[in-house]
Amino acid sequence: MDIFDKPVIEFATKEVVTVGEKEKVLNAMRTMVRLDIRRLPIVRGEKLIGIITMLDILDAIYSWLSDNTSGGSLYSDIYMKNVVEIGTRSVVSVRPHTPISEVISLFLRHNFGSMPIVDEEGRLVGIFTEWDVIKLASQLDFPHRVRDVMTRIIYVLTPYSTIMDVLEGITIYKFRRYPIVNEGGKVVAMLHAKDVLRYFAEDDSVEKVKQGAVEEVVSNYAINIAKSPIFLAKPGDSVMDVIRKMLEYDVGGVPVVNEEGTAVIGMVTEKTLMLLFESY
């Protein structure tokens, strides 16, 4: 049997971490950070009723900051909301026997980042993510070079960019990874959206938000919370080498630099790598 004809459940995570519909957003944030995951299916009993992602939470925080006319607080209006109020209720799911090729096709057509797997009774039995696609790609033999799959649309930060700048990039431009460059264009740090979620979930930040000192939290420099490892690629590098290093470094995005290493000219991400499967 061809690998793409195999059922998706064979490649999925079966011990899925979930969250109840009445769980607070803050607790969901802390769970994501503790387990280093980006999404939590929302369940009522054993039934899937929605999903809340890292980006849902960061989008909600940015929206509150940008248009706070309610007179409330970020802590009460977002952190203490039930996850079902922030997450997505209309979730596309597949059955355990769905071929992996069909799931990847759905990812490509709809820009999905994950696919919950449910049985005939609607019970959650697994989840397949874009990270699983990268693990699958590492088992194949693509002849492509980085230049074939990199995006040339990039969002670069400076050491003076703030957390608010990053939230804007995440919400408006939908970027999840940010090279931070010095005046010469050299990458000096890497910031991923999960670093931002971790920052907002830290005890110190939560306490400041609770006290109403939100401006102090979002005016912090992004470079101060950049925890992700720096791994760079060049246009002529083998895609297979980059995939293996992404798995080794546990990063979902890699900046592409010129030969001199003095400018970021693109990015390779989980989503751009999924384009490799269009020919299959």
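Okay, so let's go over this structure. (Residues numbered from 1 in each chain as written. Predicted model: local features only at pLDDT ≥ 70, side-chain atom pairs only at ≥ 80, totals over all residues. Heavy atoms only, no water.)

**Section: the overall build of the chain**
Alright, step 1. Along the backbone of the chain there are 13 helices and nine strands.
Alright, step 2. For a compact globule of 280 residues, the expected C-alpha radius of gyration is about 19 Å, and the chain comes in at 19 Å, within 12% of that figure.
Alright, step 3. Along the three orthogonal principal directions, the C-alpha set of the chain runs to about 60 × 55 × 25 Å.
Alright, step 4. Sorting the 280 residues of the chain into buried and exposed places 52% on the buried side.
Alright, step 5. Of the contacts made within the chain by residues no fewer than 6 positions apart, 65% connect residues no fewer than 24 positions apart.
Alright, step 6. Put simply, the chain shows about 13,100 Å² of open surface, and 47% of that area lies on carbon and sulfur atoms. (Helix = DSSP H or I, 4+ residues; strand = E, 2+ residues; numbered from the N terminus. Rg over C-alpha atoms; globule rule 2.2 N^0.38 Å. Buried < 20%, exposed > 50% of the residue type's maximum accessible area, 1.4 Å probe, protein only. Contact = heavy atoms within 4.5 Å. Areas by Shrake-Rupley, 256 points an atom, 1.4 Å probe, with all protein chains shown as cover.)

**As for the pairing of strand β7 (residues 187-192)**
Alright, step 1. Burial of β7 is extensive: five of the six residues sit out of reach of the surface.
Alright, step 2. Sheet analysis places strand β6 (residues 177-181) next to β7, joined by five bridges and oriented antiparallel. When the bridges of β7 are listed, R177 appears paired with H192.
Alright, step 3. Linking β6 to β7, which pair antiparallel, is a turn of five residues; within it G185 sits at a positive phi near 90°. (Pairing = 2+ DSSP bridges.)

**Some thoughts on the pairing of strand β3 (residues 47-53)**
Alright, step 1. By the criterion of burial, β3 is predominantly enclosed, with six of the seven residues buried.
Alright, step 2. Turn length for the strand β2 (residues 39-44)-β3 hairpin, with the two strands adjacent in sequence and antiparallel, is two residues, and the turn residue G45 shows positive phi of about 70°.

**A look at the packing of aromatic side chains**
Alright, step 1. Enumeration over the complete set of coordinates arrives at ten aromatic pairs.
Alright, step 2. Taking the centre distance of 6.0 Å and the plane angle of 50° together, the rings of Y155 and F175 count as tilted. Of the two residues, Y155 sits in the loop between α7 (146-149) and α8 (163-172) while F175 sits in the loop between α8 and β6, which places them 20 residues apart along the sequence. There is no split in this pair, since Y155 and F175 are both buried. (Phe/Tyr/Trp six-rings, centres within 6.5 Å; stacked < 30°, edge-to-face > 60°.)

**Describing the sheet that holds β2**
Picture the strands of a sheet paired through backbone hydrogen bonds; they go either parallel or antiparallel.
Alright, step 1. Overall, mixed pairing links the three strands, which are arranged β1-β2-β3 in an open sheet. The strands lining the two open edges of the sheet, one partner per strand, are β1 (19-20) and β3.
Alright, step 2. Two elements, β1 and β2, share two bridges in a ladder whose sense is parallel. The partner of G20 across the bridge, within β2, is V43.
Alright, step 3. In the packing of helix α1 (residues 25-35) onto the sheet, the strands contacted are β2 and β3, and the crossing angle to β2 comes to about 130°. (Axes fitted to C-alpha atoms, helices over the stretch in contact; angles between N-to-C directions.)

**Notes on the pattern of salt bridges**
Alright, step 1. All told, the structure shown has 18 salt bridges when counted by the stated rule.
Alright, step 2. Taken together, the shared-partner salt bridges in this structure form one network comprising R38, E130, R176, R177, E270 and K271. (Salt bridge = Lys/Arg side-chain N within 4 Å of Asp/Glu carboxyl O.)

**What to know about the environment of R95**
Alright, step 1. In this fold, R95 is placed in the loop between α4 (83-86) and α5 (100-110).
Alright, step 2. Classification of R95 by relative accessible area gives partly exposed; the value is 31%.
Alright, step 3. Taking the C-alpha atoms as reference points, R95 and D119, separated by 24 residues in sequence, lie 5.8 Å from one another.
Alright, step 4. Not counting residues within four places of it along the chain, the set of residues in contact with R95 comprises V8, I117, V118, D119 and E120.
Alright, step 5. A polar atom in the side chain of R95 sits 3.3 Å from the backbone oxygen of D119. (Polar contact = N/O pair within 3.5 Å; in protein donor to acceptor, adjacent residues only side chain to side chain.)

**What to know about the environment of T129**
Alright, step 1. As for its placement among the helices and strands, T129 is situated in strand β5 (residues 124-129).
Alright, step 2. A sequence separation of 124 residues divides T129 from D5, and the C-alpha atoms of the two residues are 17 Å apart.
Alright, step 3. Setting aside residues no more than four positions away along its own chain, T129 makes contact with R39, F107, G113 and S114.

**Some points on the side chain of E270**
Alright, step 1. Positionally, E270 belongs in helix α13 (residues 270-273).
Alright, step 2. A polar atom in the side chain of E270 sits 2.6 Å from the side chain of R38.
Alright, step 3. In contact with E270, not counting residues within four places along its chain, are R38, E130, W131, I134, R176, R177, M246 and G252.

**A short note on helix α12 (residues 239-249)**
Alright, step 1. The complete set of buried residues in α12 reads V239, M240, V242, I243 and M246. Angular distribution of buried residues about the axis of α12 spans 160°; they occupy a single face of the element.
Alright, step 2. Contacts made by the buried residues of α12 are with α6 (130-137), α7, β8 (253-257), β9 (264-269) and α13.
Alright, step 3. One side-chain oxygen at the N-terminal end of α12 lies 3.2 Å from the backbone nitrogen of M240; it belongs to S238.
Alright, step 4. D250 sits one or two residues past α12 and shows a positive phi near 60°. (Arc of directions from axis to C-beta.)

**Observations regarding the nonpolar core**
Alright, step 1. In this structure, I52, L58, I61, Y79, L191, V196 and F200 are the most contacted members of the largest nonpolar core, which totals 49 residues.
Alright, step 2. Setting aside residues no more than four positions away along its own chain, L58 makes contact with L167, I170, T171, A193, V196, L197 and F200.
Alright, step 3. Core analysis: the second largest hydrophobic core is formed by 39 residues, I3, V8, L136 and V251 among them. (Core = buried A, V, L, I, M, F, W, Y, C linked by side-chain atoms within 4.5 Å.)

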